[in-house]
Amino acid sequence: MLLAALPLSIMAQNRNMPIRPRIKRAFTIDDLIPGGSTYYQSSVAQRTYTTWWGDECVRLDMDHCSLIDKKNPDSEGEQLFSLNAIRPLLRSADIPQSHLYYAEFPYPDQPLVMLKSPSKQALVDWKRHVVVWTQQRDSLAQAEEWSKTSRNLAFVKDHNLYVCDQNGKTSQLTTDGTSDIVYGQSVHRNEFGIEGGLFWSEQGTKLAFYRMDQSMVSAYPQVDLNLDPEQGESRCAKAAPDRYPMAGETSHKVTVGIYDTTNGTTVCLDCGDPTDRYFTNIAWAPDGNTLYLIELDRAQKNGKLDAYDATTGKYLATLFTEHNDKYFEPLHPIQFLPWDSKRFVYQTRRDGYNHIYLYKLDGVKAELERQLTSGSFEVINLLGFNGKEKSVVYASNEANPIGCALYTVDMKGKRKALGGTDGWHTAALSGSGLYVTDSWMMPEGPIALRQDLVNTSDGKRVTFNDAKDPWDSFNVPEIKVGTLKAADGVTDLYGAMYKPYDFDSTKVYPICDYVYPGPQVEANNISWSKGFTRTDRLAQIGMIVITVGNRGGHPNRSKWNHNYGYGNLRDYGLEDQKYAIQQLGARFPFIDLDRVGIHGHSGGGFMSTAAILKYPDFFKVAVSCAGNHDNSIYNRWWSEQHHGILEKINKGDTTFVYHIDTNQELAKNLKGRLMLFHGDIDNNVHPANTIRVVNALIRANKRFDMMILPGQRHGFGDMNEYFFWRMADYYSEWLIGDSERAKVDITQLNND
């Protein structure tokens, strides 16, 4: 059963509140929802913005930067410089700055701050009060990567690759870049941990980069309605084609090049024919002479770590291979130990959980020395290394399957927790790894953000920001977190329940389930943030809102859990969601199981529509946004990886057979109320996904509702607020029976 947390008013009293009880006021809708007239008066606790200057933690404020005193963190700390003091320098260098929140300190032993404008970046010596170096940036760059060692800047403009050296000389490395031939940007639709396409060696003299040829990929014919044409521009709609490799179809071809700034030469890695091969997790050897990457086959069941000569591009060796009967999903490049250039750590779910493995190089061969972490938990983030202690600093969910806390592990595999393990911790490591900043919150509601400095050697921590709870003067609605059982009656599912601000346990409320099926993430969240639009914010219209994981959801549970939906991507999570709601209805008399709603976005849009069509007598209302209802027209990496693809070879020709059950196949089952939303130029999940469901519903003679958001992509952009109130109207009308939809004006959106 869902475990009740303490009411937040009681929890707050344990955080040094006065013993004498205070009269607290009730929330109103205007307090809770953006657009409300008093919303900003109760805004969330203020975060302290920080960065590292070597092992010194710098507080970034609007008008000055100062050190955080590790012994006395509550003090003001030494001020390094103020914006007013360096403003004349920045003006002379043509680098206007309105604040210092993005200041960087790249050199731990020098008093230099890096400040940027769209067209230039500069290093300012705040002690000598002088600009020591500037470099031009291109405000139209599609991507860029800077090396602090060489001060070389690589950037992409009009799909071609350039390098600007530290003296300001810019060299154009490619000339054939087009929308079909793309350099230096993410490939494979950002799967496999890919976040960019430019990779400097440690010395900053060699640049590895992706080249993507997508000329063979069908161009999806998107249309931009040109709602706000520029002056002098035609009012006609514009073609906005998108090279979009769909499941089972031809994909782009990726190669990897290396540019050497010392001699101006470029080589291409000798990988062979790139057809139906994926290259990811690029890493440099510490000496810059070898490049490593992981290659996967099209079926994504087999992977290997390969080494290449960075001067010639020649293939050197395969260090090891990986295989999984479902799929192998590499997300992290290898990382060499700062104190030993012959050893590296590697992350893999080889034993069912993501863990850290230590390897030793012997020439171009790699020998596994030991598995550093092990157990029924996942390493979530490898932050880096403490060189003094010779340990790895990382975050994991060892203490709580949906939590995240900080740990270290030495080279013998001895683990140590760095202080508290409750809640969700987000950390940034100092230059040498001796310290981290740890920002953390608890899940049960608006408990103020806490930020600590933590010594990674002994785990000692000091608090430099214990922000006041901005809801301290309110009667705070309860948020409960805990576990339910999956439909198998055995597996634990984790979730949260959100109540209305004026909750009355003697009343009966409809329940709405906010879903995202996975497999890469879940909708539940152990960290807290004010204004979760689709959970606690939605509850304030007068519903119980829950979000619960399901088997096949977040990979942080285990490889088994992650793979549960393999081969059944439409239906695998539906039974668990239904069973979770039934358990809650049996436990809590204030839940009305005759008024059940469901809502989701993207994969959750797919799931919420599938739920109301698969269980039409249980789910009464669904609001589904930007759903990938037909995965045959979704991108091939996600679909083929998480569902599977069958490779067929006929007379030497290889084809790939693929099918996932679609929502339109169930359209005839609709009994409840369904509202579909989609952005008309969504280039992640194309609007055709929703249109195919609409077509099937029309042909099944069903009444339903649909709204296309003009000019919006996958996230709904500046129409998110409008979307929320239309969603609120829909649930109010069909689950609560009290809607403002008859009113033309949405007054909440007209508040200043």
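Please read these numbers as outputs of a predicted model, since none were measured by experiment. (Residues numbered from 1 in each chain as written. Predicted model: local features only at pLDDT ≥ 70, side-chain atom pairs only at ≥ 80, totals over all residues. Heavy atoms only, no water.)

### Some details on the overall build of the chain
Then, number 1: Counting its regular elements, the chain contains 10 helices and 48 strands.
Then, number 2: In summary, the chain has a C-alpha radius of gyration of 27 Å against a globular reference of 27 Å for 752 residues, a match within 12%.
Then, number 3: Its C-alpha atoms give the chain principal-axis dimensions of about 80 × 75 × 65 Å.
Then, number 4: A buried classification covers 55% of the 752 residues belonging to the chain.
Then, number 5: Within the chain, contacts between residues separated by at least 24 positions form 57% of all contacts whose residues are at least 6 apart in sequence.
Then, number 6: For the chain, the exposed surface amounts to about 32,500 Å²; the carbon and sulfur share of it is 47%.
Then, number 7: Both charge centroids of the chain, one from 80 positive and one from 91 negative side chains, sit 2 Å from each other. (Helix = DSSP H or I, 4+ residues; strand = E, 2+ residues; numbered from the N terminus. Rg over C-alpha atoms; globule rule 2.2 N^0.38 Å. Buried < 20%, exposed > 50% of the residue type's maximum accessible area, 1.4 Å probe, protein only. Contact = heavy atoms within 4.5 Å. Areas by Shrake-Rupley, 256 points an atom, 1.4 Å probe, with all protein chains shown as cover. Lys, Arg positive; Asp, Glu negative; His and termini not counted. Charge placed at Lys NZ, Arg CZ, Asp CG, Glu CD.)

### Comments concerning the confidence of the model for the chain
Then, number 1: Here the chain averages 89 in pLDDT, while 90% of its residues score no lower than 70.
Then, number 2: Within the model, pLDDT remains below 50 along residues 1-21, and this stretch shows 38 contacts once partners closer than five positions in the same chain are excluded. (pLDDT = per-residue confidence, 0-100.)

### Considerations on the pattern of salt bridges
Then, number 1: According to the stated counting rule, one finds 33 salt bridges in the structure shown.
Then, number 2: A salt bridge links Asp306 to Lys304; the shortest N-O distance between them is 3.5 Å.
Then, number 3: On the accessibility criterion, Asp306 (0% relative accessible area) is buried.
Then, number 4: As a salt-bridge pair, Lys485 and Asp492 come within 2.6 Å of each other at their nearest N and O atoms.
Then, number 5: For Lys485, a relative accessible area of 31% puts it in the partly exposed group.
Then, number 6: Judged by its relative accessible area of 28%, Asp492 is partly exposed.
Then, number 7: A single network of salt bridges, built from pairs that share partners, joins Arg570, Asp571, Lys614, Asp661 and Glu665. (Salt bridge = Lys/Arg side-chain N within 4 Å of Asp/Glu carboxyl O.)

### Overview of the pairing of strand 8 (residues 130-136)
Then, number 1: For strand 7 (residues 120-125) and strand 8, the ladder comprises 6 bridges, and the chain directions are antiparallel. Among the inter-strand pairings, Lys120 is bridged to a residue of strand 8, identified as Gln136.
Then, number 2: Here strand 7 folds back onto strand 8, and the loop between the two strands holds 4 residues, one of which, His129, carries a positive phi near 60°. (Pairing = 2+ DSSP bridges.)

### Details of helix 7 (residues 603-614)
Then, number 1: Taking 1.5 Å as the rise per residue, helix 7 with 12 residues should run 16 Å; its terminal C-alpha atoms sit 16 Å apart, in good agreement.
Then, number 2: Among the 12 residues of helix 7, 11 are classified as buried, and the element is accordingly described as predominantly covered.
Then, number 3: Along helix 7, the positions that sit buried rather than exposed are Gly603, Gly604, Gly605, Phe606, Met607, Ser608, Thr609, Ala610, Ala611, Ile612 and Leu613.
Then, number 4: Where the residues of helix 7 are buried, they touch strand 41 (509-515), helix 6 (574-587), strand 43 (591-601), strand 44 (621-625) and strand 47 (673-679). (Expected span 1.5 Å × (residues − 1).)

### Overview of unusual backbone geometry
Most peptide bonds adopt trans geometry, and most residues besides glycine take a negative phi value.
Then, number 1: For His159, which is not glycine, the phi dihedral falls at a positive 70°.
Then, number 2: In this structure, Asn701 is a non-glycine residue whose phi angle is positive, near 60°.
Then, number 3: The residue Asn701 is located in the loop between helix 9 (688-699) and strand 48 (705-709) in this model.

### Digging into the sheet that holds strand 3 (residues 56-60)
Then, number 1: Read from one edge of the open sheet, 4 strands run 2-3-4-5, paired in antiparallel fashion. Two strands close off the open sheet at either side, each with one partner strand: strand 2 (49-53) and strand 5 (79-82). Neighbouring strand axes in the sheet, compared pairwise and without regard to direction, differ in orientation by 25° on average.
Then, number 2: Here strand 3 pairs with strand 4 (residues 64-67) via 3 bridges, running antiparallel. Considered in strand 4, the bridge of Leu60 is made with Cys65.
Then, number 3: Of the strands in this sheet, strand 4 and strand 5 touch helix 3 (residues 83-92), which is tilted by about 50° from strand 5. (Axes fitted to C-alpha atoms, helices over the stretch in contact; angles between N-to-C directions.)

### Details of the sheet that holds strand 36 (residues 450-455)
Then, number 1: Strands sit in the order 34-35-36-37 across an open sheet of 4 strands; the sheet is antiparallel. Two strands close off the open sheet at either side, each with one partner strand: strand 34 (424-429) and strand 37 (461-466). Neighbour-to-neighbour, the strand axes of the sheet open up by a mean angle of 25°, direction not taken into account.

### A closer look at the packing of aromatic side chains
Then, number 1: All told, the structure shown has 29 aromatic pairs when counted by the stated rule.
Then, number 2: Measuring from centroid to centroid gives 5.2 Å for Tyr49 and Tyr101, while their planes differ by 55°, and the two rings are tilted. Here the residue Tyr49 occupies a position in strand 2, and Tyr101 occupies one in the loop between helix 3 and strand 6 (112-117), the gap between them amounting to 52 residues.
Then, number 3: According to the relative accessible area criterion, Tyr49 is partly exposed, its value standing at 39%.
Then, number 4: Note on Phe503 and Tyr509: the rings are 5.3 Å apart at their centroids and 25° apart in plane angle, and the pair reads as stacked.
Then, number 5: The ring of Tyr435 is capped by Lys70, whose NZ or CZ atom sits 4.9 Å from the centre of that ring. (Phe/Tyr/Trp six-rings, centres within 6.5 Å; stacked < 30°, edge-to-face > 60°. Lys NZ or Arg CZ within 6 Å of the ring centre and 35° of its normal.)

### Quick word on helix 6
Counting along an α-helix, one turn takes 3.6 residues, and residues three or four places apart therefore face a common direction.
Then, number 1: Compared with the 20 Å implied by 1.5 Å per residue over 14 residues, the 20 Å span of helix 6 between its first and last C-alpha is a close match.
Then, number 2: Listed in full, the buried residues belonging to helix 6 are Leu574, Asp576, Gln577, Ala580, Ile581, Gln583, Leu584 and Gly585.
Then, number 3: Contacts from the buried residues of helix 6 go to strand 39 (479-485), strand 40 (492-498), strand 41, strand 42 (544-548), strand 43 and helix 7.

### A word on the pairing of strand 28 (residues 355-362)
Then, number 1: When you tally the buried positions in strand 28, you get 6 out of 8 residues, the bulk of the element.
Then, number 2: When strand 27 (residues 340-348) meets strand 28, the two strands line up antiparallel, connected through 6 bridges. Paired with Arg343 across the strands is Lys360, a residue of strand 28.
Then, number 3: Count of turn residues in the strand 27/strand 28 antiparallel hairpin: 6 residues, of which Gly352 carries a positive phi of about 105°.
Then, number 4: In this sheet, strand 29 (residues 365-371) lies alongside strand 28 in antiparallel orientation, the contact comprising 6 bridges. Paired with Lys360 across the bridge in strand 29 is Glu367.

### Section: the state of the cysteines
Then, number 1: What the rule picks out here adds up to 0 disulfides.
Then, number 2: Here Cys625 is not disulfide-linked; the sulfur of Cys512 is the nearest cysteine sulfur, at 11 Å.
Then, number 3: Note on Cys625: relative accessible area 0%, which makes it buried. (Disulfide = S-S within 2.5 Å.)

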